[in-house]
Amino acid sequence: MDFKDLDFEEAVKRLEEITEELEGKDLKLEDNINKYEEGMKLYKYCKEILENKENKINEILEELS
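All values reported here derive from a predicted model rather than from experimental measurement.

Caption draft 1: Inspection of the pattern of salt bridges at higher detail. One pass over the full model with this rule turns up seven salt bridges. Across the pair Glu 38 and Arg 14 runs a salt bridge, and its minimum N-O distance is 3.1 Å. Of this pair, Glu 38 sits in helix α2 (residues 29–64) while Arg 14 sits in helix α1 (residues 8–24), placing them 24 residues apart in sequence. You'll find Glu 38 and Arg 14 in the same group, each marked buried. One network of salt bridges, in which partners are shared, links Arg 14, Glu 17, Glu 21, Lys 35 and Glu 38.

Quick notes on the rules
- Residues numbered from 1 in each chain as written.
- Predicted model: local features only at pLDDT ≥ 70, side-chain atom pairs only at ≥ 80, totals over all residues.
- Heavy atoms only, no water.
- Salt bridge = Lys/Arg side-chain N within 4 Å of Asp/Glu carboxyl O.
- Helix = DSSP H or I, 4+ residues; strand = E, 2+ residues; numbered from the N terminus.
- Buried < 20%, exposed > 50% of the residue type's maximum accessible area, 1.4 Å probe, protein only.

In short, the description is geometric, and any link to function would need to be established separately.
What follows is the structure, encoded as structure tokens:
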């Protein structure tokens, strides 16, 4: 799945859905691994977005000081 089409909120929502699926359903091992992999990719994507936004905020703060 290409996460670049998702905005941050959509990615977090999907990550929450995956977490619920892993916690609540009796999935086969292969399905669990696939969900876990998707979740880790989403986590990395969300972390990247947050780091970019944090850098932008720091740039703004530097400009104002």
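Having seen the structure, we can now continue with the description.
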